[in-house]
Amino acid sequence: MRRFNARPVRRALLLAVTAALTFSACAVGSTGSTELSKDPVTLRFTWWGADARHKRTQEVIERFQKQHSNITIKGEYKDWNGYWDSLATTVAANDAPDLIQMDELYLSSYAQRGVLLDLGTVGKYLNTGAFDGKALATGKVDGKQYALPVGLTAYSVVVNTDLLAKYGVSLPDDSTWSWDDLKAVGAQVSKASGGAVSGVQSWGFDAGGLNVWARQAGGSLYDSSGKVAIKPEVLAGYWSYLVSLAKDGVAPVPSVTVERATASLEQSGTATNKSVFATWWNTQLTSLSAASKANLKLLKLPGEATAKTPGAYYKPSMYWSVSARSKHPAEAALFIDFLANSQEAADVLQTDRGVPANTTIRQAITAKLDAPSQAAAKYLDAITVGDPPRVTPKGASNVEKILQRHTEQVLFGKLTPEAAATSFIAELQKEIDSA
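Just so it is clear, the model here is predicted, and its values are computed rather than measured. The residue count restarts for each chain, going from 1 along the sequence in the order it is written. Note on the predicted model: pLDDT of at least 70 is required for a residue's local features to be given, and 80 or more for side-chain atom pairs to be given and counted; whole-chain, interface and lining totals, by contrast, use all residues. Side-chain numbers here rest on the full set of heavy atoms in the structure, without hydrogens or water.

On to the nonpolar core, then. We call a set of buried residues a nonpolar core when its members are Ala, Val, Leu, Ile, Met, Phe, Trp, Tyr or Cys and they connect through side-chain atoms within 4.5 Å of each other. Each residue is assigned to one of three classes by its accessible area relative to the maximum for its type, calculated with a 1.4 Å probe on protein chains only: buried under 20%, partly exposed between the two thresholds, exposed over 50%. Formed by 133 residues in total, the largest nonpolar core has its most connected members in M102, Y110, W203, W239, F277 and F424. Looking at this core element by element, the count peaks at nine residues for helix α12 (residues 329–341). Here a helix means four or more residues in a row that DSSP labels H or I, a strand means two or more in a row labelled E, and each is numbered from the N terminus.

Put into structure tokens, the structure is as follows:
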């Protein structure tokens, strides 16, 4: 399964961290007034995205400016890879934009170097009352709110109900099912289809699935200090399960699994109607439905009924952050409040940046969405989530690249699950220690 957001190149992270180091001596929130000014104020706002996002964002900016005639907001938007290079360069030059669209992979790196403002210092102008506490916690680093989640997503299983009906296989009860149940129902599909369709599309290439597996075992991928904490035997069990899916014909052979995992969403087993069950982030249902032209349904994660702790958690699609060097933090907070809490802004943005993290806004716009997007929004309210995982530590942004390589080696029999577990943990910890 593909990440919710594409991964930037390694060089971008190195630039970001290096640039942030030059900022580490700055006191957070020390350069600007936390009171609104009556004089003209100009804020720079940077984000990544495609043309449709740019148009929606610009419309929201114009609506905000109509309400606040003394505030001008200048947009600076780029594609994903160019965005991080540009942000690192401006931070290094002490010329960071006032308002920053932030990603979970880089939040810790920027926050711990003093680049971002503690939003708690501008709480007078930024209301977070409509945000679930576990959603807000995704934007905290060392106990401070450096980022406000824009949209939320959660790990899920997507099932093709058309194919289930075609092969006479019953829909499982997702309130009680286990990982063994997923394997069993997947085996029914593979057998009934004569191998034309695989019951399960294997995963193991994204941090979401790994986080869920660790959490259900009562552990975590990282501990509170940012060290790799997943137990080798838990990680080995994760890979052993994936190997068994392929070995027993429940999932495709390794070569097909790897090919699909590294291709686009449209080439996945779900989108091409070649697999019945697959793990995805719930908000990807809309794109999968459009690509497959099939009836797809979101199911809760297997194993939750008997897990030591809930595997499910809220993952932010992205965040809003403010530069610690902004000369106008109060106005920046006021604009974020408009983005996050205004029905007017929500009607324009809708789910462009994910299902809104603001629960009031989410409920208000759900009825206006298409059926798959409605299902994605309702899924967030239907699941039980635990506390969010620790924010990705500095140096760990390559976790999925490391994970993908080890998963491939395990599936192709080049490493045993046990050897891969030892290697993965050591390599990821080395990356963190070197940051």
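For strand β6 (residues 148–153), the buried fraction is high: six of the six residues fall into the buried class. Across five bridges, the pairing between β6 and strand β11 (residues 315–322) is antiparallel. Directly across from L148, in β11, lies its bridge partner W320. Two strands form a pair only when DSSP identifies at least two bridges running between them.

Planes of paired rings set the category: under 30 degrees apart is stacked, over 60 is edge-to-face and the rest tilted, where pairs are Phe, Tyr or Trp rings (Trp by its six-membered ring) whose centres lie within 6.5 Å. The full count for this structure, using the stated rule, is 23 aromatic pairs. Each ring, one from W177 and one from F277, has its centre 6.1 Å from the other, and the planes form 50°; the classification is tilted. One end of the pair, W177, is in the loop between α6 (161–166) and α7 (179–192); the other, F277, is in strand β9 (residues 275–281), and 100 residues separate them in sequence. With a relative accessible area of 3%, W177 lands in the buried category. Taken together, a centroid distance of 5.5 Å and an interplanar angle of 50° make the contact between W179 and W213 tilted. With W179 in helix α7 and W213 in helix α8 (residues 207–216), this pair connects stretches of sequence that are 34 residues apart. W179 sits in the buried class, given a relative accessible area of 11%. Looking at W213, the relative accessible area reads 18%, which means it is buried. One aromatic cluster is present, built from ring pairs that chain together F45, W47, F64, Y77, W320, F335 and F338. A ring is considered to have a charge above it if a Lys NZ or an Arg CZ atom is located within 6 Å of its centre and within 35 degrees of its normal. Taking the ring centre of W281 as reference, the NZ or CZ of K315 above it sits at 5.6 Å.

Salt bridges are defined as contacts in which a side-chain nitrogen from Lys or Arg sits within 4 Å of a carboxyl oxygen from Asp or Glu. Applying the stated criterion across every chain yields a total of eleven salt bridges. We note a salt bridge from R44 to E76, for which the minimum N-O separation is 2.7 Å. Here the residue R44 occupies a position in strand β1 (residues 41–48), and E76 occupies one in strand β2 (residues 71–78), the gap between them amounting to 32 residues. The exposure class of R44 is buried, given its relative accessible area of 18%. Among the charged side chains, a network of salt bridges with common partners joins R44, E76 and D95.

This next bit is on empty space enclosed by the protein. For cavity detection a 1 Å grid was placed over the protein atoms alone, and a set of points counts as a cavity when a 1.4 Å probe fits there but cannot get out; an open set counts as a pocket when protein lies on both sides within 12 Å along at least five of seven lines, with lining residues being those that have an atom within 4 Å of a point. Grid points are joined across faces, edges and corners, and a volume is the space filled by probe spheres set on the points. With the rule as written, the count across this model stands at three cavities of 30 Å³ or more. Of the voids in this model, the largest cavity is the one considered here, and its volume is about 300 Å³. E104, N211, Y313, K315 and T392 are the residues nearest the centre of the largest cavity, which is lined by 23 residues in total. In this count, Pro and Cys sit with the nonpolar residues alongside Ala, Val, Leu, Ile, Met, Phe, Trp and Tyr, while Asp, Glu, Lys and Arg are called charged and the others, Gly among them, polar. Taken together, the residues of the lining of the largest cavity break down into 13 nonpolar, four polar and six charged. When its volume is computed, the second largest cavity comes out at roughly 170 Å³. Mapped onto the lining of the second largest cavity, the elements with two or more residues apiece are β6, α12, α13 (343–349) and β12 (355–356).

Within the open sheet, the four strands sit side by side as β8-β9-β7-β10. Their pairing is mixed. Edge positions in the sheet fall to β8 (198–201) and β10 (296–299), since each of these pairs with one other strand and no more. For this sheet, the mean angle separating the axes of adjacent strands, direction not counted, is 25°. Of the strand pairs in this sheet, strand β7 (residues 155–160) and β9 are connected by five bridges, and their pairing is antiparallel. Within the sheet, the bridge partner assigned to V159 lies in β9 and is F277. The contact criterion used is simple: two residues touch if any of their non-hydrogen atoms lie within 4.5 Å. Orientation is described by axes fitted as lines to C-alpha atoms, over the contacting stretch for helices, and by angles from 0 to 180 degrees between their N-to-C directions. Those strands touched by α7 are β8 and β9, and its axis lies near 135° from that of β8. Together, β7, β9 and β10 form the strand contacts of helix α11 (residues 285–292), whose direction differs from that of β10 by roughly 150°.

Keep in mind these values describe shape, not function.
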